[in-house]
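So you can see what is in the structure, the chains are spelled out below.
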Amino acid sequence: MTYLKPRRAILWHYAKVELVPPTPAEIPTAIQSLKKIVSGAQTSSFKQLTVKEALLNGLVATEVWTWFHAGEITGKRGIIGYDA
Amino acid sequence: MVPPMQVSPLLKLGRYSALFLSVAYRESQALQLPETQAEEERRTAAEEKTKQDELKRVERTGRNPRGWHIKVSLHFSGAMWMSKAFCAV
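Predicted model only: the values in this text are computed from it and were never measured.

### Topic: the interface of chain B and chain A
Part 1 of the argument: Taken together, the contact between chain B and chain A spans 24 residues of the former and 29 residues of the latter.
Part 2 of the argument: Summed over both partners, the interface of chain B with chain A comes to about 2,500 Å²; 70% of that surface belongs to carbon and sulfur atoms.
Part 3 of the argument: Among the residues of chain B in contact with chain A, L10, R15 and R26 of chain B are the three that bury the most area, contributing 25% of the side total.
Part 4 of the argument: Across the chain B-chain A interface, the total number found is three salt bridges.
Part 5 of the argument: For R77 of chain A, the salt bridge goes to E27 of chain B, with nearest N and O atoms at 2.8 Å.
Part 6 of the argument: On the surface where chain B and chain A come into contact, there are six residue pairs in polar contact (both at pLDDT 80 or more).
Part 7 of the argument: Here the side of chain B that touches chain A is built from residues that sort into 16 nonpolar, four polar and four charged.

### Thoughts on the confidence of the model for chain B
A low pLDDT means the predicted coordinates there should not be read in detail.
Residue and element names in this part refer to chain B.
Part 1 of the argument: Per-chain confidence: chain B averages 78 in pLDDT, with 73% of residues scoring 70 or above.
Part 2 of the argument: Of all helices and strands in chain B, the one with the weakest mean pLDDT is helix α3 (residues 74-77) (60), whereas helix α1 (residues 9-31) scores best (88).
Part 3 of the argument: The ipTM for the predicted assembly is 0.73, set against a pTM of 0.59.

Here is what the cut-offs are and how they apply
Sequence order as written defines the numbering, with residues in each chain counted from 1. Chain letters start at A and ligand numbers start at 1, both assigned in the order the entries are written. With pLDDT at 70 or above as the cut-off, local features in this predicted model cover only qualifying residues; side-chain atom pairs require 80 or more to be listed or tallied, and sums for whole chains, interfaces and linings still use all residues. Values reported for side chains reflect all heavy atoms of the structure, with hydrogen atoms and water molecules removed beforehand. We call two residues in contact whenever any of their non-hydrogen atoms come within 4.5 Å of each other. Buried area adds together the accessible area that both of two parts lose upon being put together, with accessible area traced by a 1.4 Å probe. Salt bridges are defined as contacts in which a side-chain nitrogen from Lys or Arg sits within 4 Å of a carboxyl oxygen from Asp or Glu. Within 3.5 Å is the distance limit for a polar contact, defined as a pair of N or O atoms, with the added protein rule that one can donate a hydrogen and the other accept it, and that residues adjacent in sequence qualify only through two side-chain atoms. In the scheme used here, Gly and all other residues not listed as nonpolar or charged are polar, with Ala, Val, Leu, Ile, Met, Phe, Trp, Tyr, Cys and Pro taken as nonpolar and Asp, Glu, Lys and Arg as charged. The predictor rates its confidence in each residue with pLDDT, a number between 0 and 100. For helices the rule is a DSSP run of H or I covering at least 4 residues; for strands it is a run of E covering at least 2, with both sets numbered from the N terminus onward.

Below, the structure written as structure tokens:
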């Protein structure tokens, strides 16, 4: 218990800011960012990104995709295939 | 300690919507699956059991099996005298 308490406090400190679901007020901002990305893809301005930025974007996209797979595993109730 | 990073709202929206949509999708798929080997065996075992119960019931009581229609000749059932007695048909 004494080992876990400070570590749990640290986890909670970061999770409160980073893992929080979006509040309804943030959703318009999110939609605007999405539109910016779509317009960036249309005007080919994404070719101006550095490789480092592109890699970071790829990493973030992979993380969102991982959340999708975690949800799938929860819904299937089995890690591989349905129902253990 | 490093201060926690501010995550863009697009990422938050994307992460949580991906999570909940995938859970809903997989749960709806799980309801539509064909039955597994274990479920099929259980179903056939249950059907066998109802058949066995039915046979045992017939043996025990000696009565007619449920739902079977026994044809009885009108002559022996007394329907003839009944129709003669009660209606002048």
